[in-house]
Amino acid sequence: MTKAPDEIAIFKEVTEKLLLELEVAGTADIQMKDEMAEIVLQTEESGLLIGYHGEILEALQLLISLIASRKIGRFIRVSLEVGDYKKNRTEYLDRLAQQTKDRVLEEGRPHTLSALKAWERRIVHVILQDDQEVASESMGEGKERVLVIKPRE
C-alpha cells in the first residue's frame, strides 16, 4: 500500500496540472483523512471552479479522484473545497435539516427534500443520524433520488 505522503504528492501533482490546463492560478493544500483526499484550493477564480450550484466543483473532484487513484492503484475519494463553497453549503444544509425536522414534528408526517446532490444528502443523514425524533432516508434512483425526513417510529 502506498504511503500517505506519496499519495499527497500525487494528488498535489494532479491538482496543479489540472489548474494549469484550466489556466487558473491557485494553490492546493492537501490532507489525507479517513481514506479521502481533502483538497482546499486557494484562487481568485473560485466562481469559475465552483460553477452553477457546484457542478464544476463536483466534476473537478471526480476528475482529480480518478486520475490520482489510477496513479496510486486504488480508488480514493476527493473532497474539494473552493471559496468556502462546501462550508457555506453545509451550514445551509444544517439549517434546512433543522427546519425540516421542526416541520415534520409539527405536522406529524414525512417531508421530502429534492434536488440535493449525493454529498448533500449524506450531510443531512449525518446531521440527523443520532436524532431521537426523526429519521432520514434516501429514496429513488439517479437524478430522481430524494431525501425523506420522517418521524421516528
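Structure: see above.
Quantities reported herein were computed from a predicted structural model and do not represent experimental measurements.

**Things to note about a nonpolar patch on the surface**
A surface patch of nonpolar side chains, about 320 Å² in accessible area, is lined by Leu-62, Leu-66 and Phe-75. Among the residues examined, Leu-62 registers a relative accessible area of 47% and is labelled partly exposed.

**Some thoughts on the sheet that holds strand S2 (residues 36-43)**
With mixed pairing, 3 strands are arranged side by side in an open sheet as S1-S2-S3. Taken across any chain shown, the strands that pair with only one partner, and hence form the sheet edges, are strand S1 (26-33) and strand S3 (77-82). Taken over all neighbouring pairs, the strand axes of this sheet differ in orientation by 20 degrees on average, direction set aside. Bridge count for S2 against S3 is 6 bridges, and the pairing is parallel.

**Describing the nonpolar core**
Looking at soluble globular proteins, one finds that nonpolar side chains tend to be buried together. Grouped together as the largest cluster of nonpolar side chains are 36 residues, with contacts concentrated most on Phe-11, Ile-39, Leu-41, Ile-64, Leu-80, Val-124 and Ile-149. Dropping the residues within four chain positions of it, Val-124 is found in contact with Leu-93, Ala-97, Leu-116, Leu-147 and Ile-149.

**Digging into the pairing of strand S6 (residues 146-151)**
Pairing between strand S4 (residues 111-113) and S6: 3 bridges, direction antiparallel. The partner of His-111 across the bridge, within S6, is Ile-149. The sheet contact formed by strand S5 (residues 134-139) and S6 spans 6 bridges and is antiparallel. The partner of Ser-136 across the bridge, within S6, is Ile-149. In textbook terms, the turn of a hairpin is the stretch between consecutive antiparallel strands, and for S5 and S6 this stretch comprises 6 residues, one of which, Gly-140, has a positive phi near 95 degrees.

**Focus on the pairing of S1**
Relative to S2, S1 runs antiparallel, the two sharing 8 bridges. Its bridge partner lying in S2, Gln-31 is registered against Glu-38. The loop that links S1 with its antiparallel partner S2 comprises 2 residues; one of these, Asp-34, has a positive phi angle of about 50 degrees.

What counts as what
Residues numbered from 1 in each chain as written. Predicted model: local features only at pLDDT ≥ 70, side-chain atom pairs only at ≥ 80, totals over all residues. Heavy atoms only, no water. Patch = residues over 30% accessible without salt bridge, like charges linked within 9 Å, V, L, I, M, F, W, Y side chains within 5 Å. Areas by Shrake-Rupley, 256 points an atom, 1.4 Å probe, with all protein chains shown as cover. Salt bridge = Lys/Arg side-chain N within 4 Å of Asp/Glu carboxyl O. Buried < 20%, exposed > 50% of the residue type's maximum accessible area, 1.4 Å probe, protein only. Pairing = 2+ DSSP bridges. Helix = DSSP H or I, 4+ residues; strand = E, 2+ residues; numbered from the N terminus. Axes fitted to C-alpha atoms, helices over the stretch in contact; angles between N-to-C directions. Core = buried A, V, L, I, M, F, W, Y, C linked by side-chain atoms within 4.5 Å. Contact = heavy atoms within 4.5 Å.

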